[in-house]
Amino acid sequence: MTEDPFVVHRSLLFTVAYEMLGSAADAEDVLQESWLRWAAVDHAQVSDPRAYLVRVVTRQALNRLRTLSRSREEYIGEWLPEPLLTSPDVAEDVELAESVSIAMLTVLETLGPTERAVFVLREVFDMPYGEIAEAVGKTAAAVRQIARRAREHVAARRPRVQVSRSEQQAVMERFLVALRTGQVQELMEVMAPDVVLIADGGGLVAAALEPVHGIELVAPLLARAHRVVSAFDTTAVWLNGAPAGRVEFDGEPSAVSVVVEDGRITRIYVVRNPRKLTRLDQPAELAR
């Protein structure tokens, strides 16, 4: 018996929804809604199940993204994507790893819903303009224009310097050691002078409500972390296709991702909102 196309392509469909929404929980909801629609159609009439399913998921993700926009505007403090535990294998697909990185997903948050959908489907999944047009309800010509604007928007905001995974892993490990020991000087040696720290507590746990700029502020703030709790631990993990860290404050986890340029950390993303930390134990299955 032939396996259901929805099951065959589930990892791809989840990745599409997650990149559009920045939330694994919302992506799972979208997949559930899409499955119900898929179950209701005559599969014999679908000539290209993969393309059809991507269109269904895209439409459902767009609907979800539009309803989420108000709640994200009212979010307490900085909003960061929901981190995913991934296997090191994800990093082997460089384009996939970059597209699901916390840094990229944060940039994608600055796009409008349709721009984000077009960018993800074209730049990440290399879908033809005609198929994207069907998915977003635009003409192919309009989609080309949207894709160009979205590409320029993202290019102006994404990290420009690419480093090897081994270099990023080495810098991340040095950072975690410095964080664990709480030594300001060691932290300063691994961070760039203009480092920016962005934290997401969602109003549920303590976190900076605005980005913290500059090594003179970020280093002392991080150095104090292990002194304000009775138990503090750091573990190197792979999150969103890149070397990252899991930090435990009195047994409560936080996820830490970084951007490395010229051997130093230029951006630090700390997710502390417990509602966004449910995917740190089981690796997510991502695919293009």
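Above this text is the structure in question.
What counts and how
- Residues numbered from 1 in each chain as written.
- Predicted model: local features only at pLDDT ≥ 70, side-chain atom pairs only at ≥ 80, totals over all residues.
- Heavy atoms only, no water.
- Salt bridge = Lys/Arg side-chain N within 4 Å of Asp/Glu carboxyl O.
- Helix = DSSP H or I, 4+ residues; strand = E, 2+ residues; numbered from the N terminus.
- Expected span 1.5 Å × (residues − 1).
- Buried < 20%, exposed > 50% of the residue type's maximum accessible area, 1.4 Å probe, protein only.
- Contact = heavy atoms within 4.5 Å.
- Core = buried A, V, L, I, M, F, W, Y, C linked by side-chain atoms within 4.5 Å.
- Axes fitted to C-alpha atoms, helices over the stretch in contact; angles between N-to-C directions.
- Parallel < 35°, antiparallel > 145°, perpendicular 65-115°, else oblique.
- Left-handed = near helix turned anticlockwise from the far one by under 90°.
- Nonpolar A, V, L, I, M, F, W, Y, C, P; charged D, E, K, R; others polar.

### Overview of the pattern of salt bridges
The full count for this structure, using the stated rule, is 16 salt bridges. Between Arg 288 and Glu 95 there is a salt bridge, and its shortest N-O distance comes to 3.0 Å. Separated by 193 residues along the polypeptide, Arg 288 in the segment after strand E6 (264–271) and Glu 95 in helix H5 (residues 94–99) bring together distant segments of the chain. When salt bridges that share partners are traced, they join Asp 26, Asp 29, Glu 33 and Arg 64 into one network.

### Topic: helix H7 (residues 113–124)
Over its 12 residues, H7 runs 16 Å from end to end, which matches the ideal 16 Å to within 8%, given 1.5 Å per residue. Within the span of H7, buried status applies to Thr 114, Arg 116, Ala 117, Val 118, Phe 119, Val 120, Leu 121 and Val 124. Where H7 is buried, its residues meet helix H2 (10–21), helix H4 (49–73), H5, helix H6 (102–108), helix H8 (129–136) and helix H9 (140–155). Asp 126 sits one or two residues past H7 and shows a positive phi near 55 degrees.

### Considering the nonpolar core
Across soluble globular proteins, nonpolar side chains show a tendency to be buried alongside one another. Ranked by size, the top nonpolar core spans 51 residues in total, and within it Phe 14 and Leu 108 carry the most contacts. Counting residues per element, this core draws most heavily on H2, at 8 residues. Apart from residues lying up to four places away in sequence, Phe 14 is in contact with Ala 24, Ala 27, Glu 28, Leu 31, Leu 84, Arg 279, Glu 285 and Leu 286.

### Looking at unusual backbone geometry
Despite not being glycine, Asn 240 shows a phi value in the positive range, around 50 degrees. Tracing the sequence through the fold places Asn 240 in the loop between strand E3 (232–239) and strand E4 (242–249). One non-glycine residue with positive phi stands out, namely Asp 250, at about 50 degrees. On the secondary structure map, Asp 250 appears in the loop between E4 and strand E5 (252–261). Here Asp 250 falls in the partly exposed class, since its relative accessible area comes to 42%.

### Things to note about the packing of H2 against helix H3 (residues 24–39)
Where H2 meets H3, the axes come as close as 8 Å, and the angle between the chain directions of the two elements is 130 degrees. Regarding the angle of H2 to H3, the classification is oblique. Our pair here, H2 against H3, has a crossing hand that is right-handed. Taking contact as the criterion, the partners of Arg 10, Leu 13, Phe 14, Ala 17, Tyr 18 and Leu 21 in H2 are, on H3, Ala 24, Asp 26, Ala 27, Glu 28, Val 30 and Leu 31. Class assignment for the residues of the contact of H2 with H3 results in 9 nonpolar, no polar and 3 charged.

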